[in-house]
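# Observations on chain architecture
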Amino acid sequence: MEAPEWLDNAVDLGTSIMAVEFDGGVIMGADSRTTTGAYIANRVTNKITPIHERIYCCRSGSAADTQAISDYVRYYLEMHTSELCDDPDVKTAASLFQLLCYSNKNNLMAGIIVAGWDKHQGGSVYNISLGGSMVKQPFAIGGSGSTYIYGYCDSKFKPKMTKDECIEFVQNSLALAMFRDGSSGGVIRLCIIDKNGVERRMIPGNNLPRFWEG
Amino acid sequence: MEHLNRGGFDFDLCNRNNVLEKTGLKMKGFMKTGTTIVGVVYKGGVVLGADTRATEGPIVADKNCEKIHYIADNIYCCGAGTAADTESATALISSKLKLHKLSTGKETRVITALTMLKQMLFKYQGHISAALILGGIDINGPSLHTIYPHGSTDQLPYVTMGSGSLAAMGVFEAKYKNDMTKEEAIALVAEAISSGIFNDLGSGSNVDVTVIETTGVTILRNYQTPNERKFRNNPYIFKQGTTPVLKQDVAPLSTKVVIEDIMMS
């Protein structure tokens with residue numbers, strides 16, 4: 001019997017991910033859909049993975065590649081922390097991601113947003129795209145769903161937003177992206193990181209902000 | 001110059017195979033387990049289920065194969081994809097885990113098996129066609145994971161894999177609830193596998209179930225056999241003379257064929 005084509009397709013994080021910096025920390029958000037071809041392999045994925053106590057990354061692209069890369073970075077960062085005898089900077093974690101993504105660019109498909117809090121820079125967001133370039137931005141969006149919200153994000157973002165304004169900004173942007181992108185959906189997972197620690201939130205599909213639905 | 005044996009796959013003969021295929025030579029297929037495999041976490045453990053059909057293209061190569069593999073005393077793994085790959089991947093990691101347990105002196109953990117399997121599959125970039133459902137119970141409680149051939153993993157309360165996974169997932173999405181009893185979980189798993197057996201051509205024959213809990217493992221091989229072959233009740237034996245003989249013609253073989261002895265030098 002001919003096996004269905006989605007059996008052979010690699011597992012993809014279709015994805016809408018973003019991260020926003022506020023005074024004192026960062027908000028990270030992601031959808032929860034993982035697809036193999038047209039089948040949703042996991043509808044409650046956690047795409048925001050911990051790299052260190054106050055450094056997390058949002059993953060988009062190939063699920064296998066991004067899982068393997070973040071496992072390596074977590075390991076290298078732990079070694080570095082041991083040698084440094086201090087908590088690492090977000091920039092260090094981002095540089096490690098860049099090192100792996102750039103030098104293996106031919107064999108990887110990974111778009112990663114690294115964000116977190118450290119005592120030197122406070123909250124920071126770094127965007128590492130497919131080719132391995134690293135850019136520090138006040139806010140970053142990524143994944144297939146991000147293409148639909150560039151205009152919305154550019155118009156809504158203001159510098160020096162409060163924590164709650166940032167949370168609303170992330171929720172609205174991701175809801176719009178998930179609504180338009182077939183490869184994004186499920187629930188919104190939020191991660192709020194500041195000097196006091198990390199808070200994780202989940203917004204189920206029926207509680208998402210609603211916009212014009214025709 | 002000696003050919004360095006660096007391990008891993010050797011793709012040298014791929015060119016030759018492509019040329020041969022173009023000249024018309026039909027290549028032998030490999031055995032895939034078409035498959036429906038499932039796993040469910042219940043209150044107190046994990047239940048794994050699988051069908052028992054192994055296919056070679058359109059032919060059923062094995063009507064009662066075992067798809068639930070032993071990894072450790074507290075960890076079992078269902079495998080879908082190429083039968084040889086699932087068999088050897090699970091056997092290799094089972095062996096590595098035993099050595100790991102002996103060297104650490106601690107009980108094996110499910111995430112150890114998970115990490116070993118995912119790192120091996122990622123290293124081979126999807127060429128090892130093994131899609132696995134790993135379930136077990138350890139110091140952190142029961143857990144269930146899926147592992148895809150490219151090396152990505154997910155941890156979920158209920159999972160299905162294989163060609164029959166859509167049929168089985170339909171049953172799970174309708175009937176799963178948190179904190180089921182062992183009996184409810186087994187019944188749900190059997191129903192999901194049956195759904196795969198009867199709605200997917202790549203799955204069939206019997207339902208295998210394995211229950212993993214803190215007190216031990218219960219292997220219910222052939223828990224359900226809904227496809228037993230049937231035998232004829234009345235044998236086809238007729239009395240001599242039932243069919244009338246109208247004419248009989250006997251010709252010795254020597255009149256039709258010449259038989260010669262040839263001396264081989």
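Residues numbered from 1 in each chain as written. Chains lettered and ligands numbered in written order. Predicted model: local features only at pLDDT ≥ 70, side-chain atom pairs only at ≥ 80, totals over all residues. Heavy atoms only, no water.

Take the overall build of chain B next. Summing up its helical and strand segments, chain B has 5 helices and 13 strands in all. For 265 residues, the compact-globule estimate of 2.2 N^0.38 gives 18 Å, and the C-alpha radius of gyration of chain B, at 26 Å, exceeds that figure by more than 25%. Here the C-alpha coordinates of chain B stretch approximately 85 × 65 × 35 Å along the principal axes. Residues classed as buried in chain B amount to 44% of the 265 residues present. Sequence separation of at least 24 residues holds for 61% of the intrachain contacts in chain B that already meet a minimum separation of 6. Carbon and sulfur atoms provide 55% of the accessible area of chain B, an area that totals close to 16400 Å². Of the side chains in chain B, 27 bear a positive and 26 a negative charge, and the two mean positions are spaced by 3 Å. (Helix = DSSP H or I, 4+ residues; strand = E, 2+ residues; numbered from the N terminus. Rg over C-alpha atoms; globule rule 2.2 N^0.38 Å. Buried < 20%, exposed > 50% of the residue type's maximum accessible area, 1.4 Å probe, protein only. Contact = heavy atoms within 4.5 Å. Areas by Shrake-Rupley, 256 points an atom, 1.4 Å probe, with all protein chains shown as cover. Lys, Arg positive; Asp, Glu negative; His and termini not counted. Charge placed at Lys NZ, Arg CZ, Asp CG, Glu CD.)

All names here are of chain A. Over its 18 residues, helix α4 (residues 163–180) extends 26 Å from the first C-alpha to the last, a length consistent with the 26 Å expected when each residue adds 1.5 Å. Turning to α4, its buried residues are C166, I167, F169, V170, N172, S173, L174, A175, A177 and M178. Buried residues along α4 sit in contact with β2 (17–22), β3 (25–30), β11 (139–142), α3 (150–156), β12 (188–194) and β13 (197–203). (Expected span 1.5 Å × (residues − 1).)

All right, on to the interface of chain A and chain B then. Contacts between chain A and chain B engage 22 residues on the former and 24 residues on the latter. Buried area between chain A and chain B, both sides added, is near 1700 Å², and the carbon and sulfur share of it is 57%. Applying the counting criterion to the chain A and chain B interface returns 5 residue pairs in polar contact (both at pLDDT 80 or more). Going through the elements one at a time, β5 (39–42) and α1 (63–84) of chain A are the ones with two or more residues in the side of chain A that touches chain B. Residue classes in the side of chain A that touches chain B are distributed as 13 nonpolar, 5 polar and 4 charged. (Buried area = accessible area lost by both parts, 1.4 Å probe. Polar contact = N/O pair within 3.5 Å; in protein donor to acceptor, adjacent residues only side chain to side chain. Nonpolar A, V, L, I, M, F, W, Y, C, P; charged D, E, K, R; others polar.)

Bringing the packing of aromatic side chains into the picture now. What the rule picks out here adds up to 9 aromatic pairs over all chains. Ring centres 5.7 Å apart and planes at 75° place the aromatic pair A:F139 and A:F169 in the edge-to-face group. Placement of the pair is A:F139 in strand β11 and A:F169 in helix α4, with a sequence separation of 30 residues. A single burial state applies to A:F139 and to A:F169, both of which are buried. The interplanar angle of 35° and the centroid separation of 4.5 Å between the aromatic rings of B:Y158 and B:Y176 together place this pair among those described as tilted. With B:Y158 in strand β11 (residues 158–161) and B:Y176 in the loop between α4 (165–175) and α5 (182–199), the pair connects residues that are 18 residues apart, well separated along the chain. (Phe/Tyr/Trp six-rings, centres within 6.5 Å; stacked < 30°, edge-to-face > 60°.)

Before going further, it helps to examine the sheet that holds β3(A). Backbone hydrogen bonds hold the strands of a sheet together, and the pairing may be parallel or antiparallel. Residues and elements named next belong to chain A. Spatially, the 5 strands line up as an open sheet ordered β11-β2-β3-β12-β13, and their pairing is antiparallel. Two strands in the sheet have a free side with no partner beyond their single neighbour: β11 and β13. Direction aside, neighbouring strands of the sheet carry axes that sit 10° apart on average. Sheet contacts for α4: β2, β3, β11, β12 and β13; angle to β2, the most-contacted strand, approximately 165°. (Pairing = 2+ DSSP bridges. Axes fitted to C-alpha atoms, helices over the stretch in contact; angles between N-to-C directions.)

With that settled, consider the UniProt feature "domain: Proteasome beta subunit C-terminal" (unreviewed entry) in chain B. Residues given the UniProt feature "domain: Proteasome beta subunit C-terminal" (unreviewed entry) here are residues 226–261 of chain B. For residues 226–261 of chain B, the end-to-end C-alpha separation is 57 Å, with 0% helix and 0% strand making up the annotated structure. (UniProt positions renumbered as here; feature names shortened; annotations may be inferred.)

Residues and elements named next belong to chain A. Their axes nearest at 10 Å, the elements α1 and helix α2 (residues 90–103) cross at an angle of 135°. What the angle tells us is that α1 and α2 run oblique. Both α1 and α2 take part in a crossing whose hand is right-handed. Here I69, S70, Y72, V73, Y76, L77 and H80 of α1 lie close against α2, whose contacting residues are T92, A93, L96, F97, L100 and C101. Counted by class, the contact of α1 with α2 contains 10 nonpolar, 3 polar and no charged residues. (Parallel < 35°, antiparallel > 145°, perpendicular 65-115°, else oblique. Left-handed = near helix turned anticlockwise from the far one by under 90°.)

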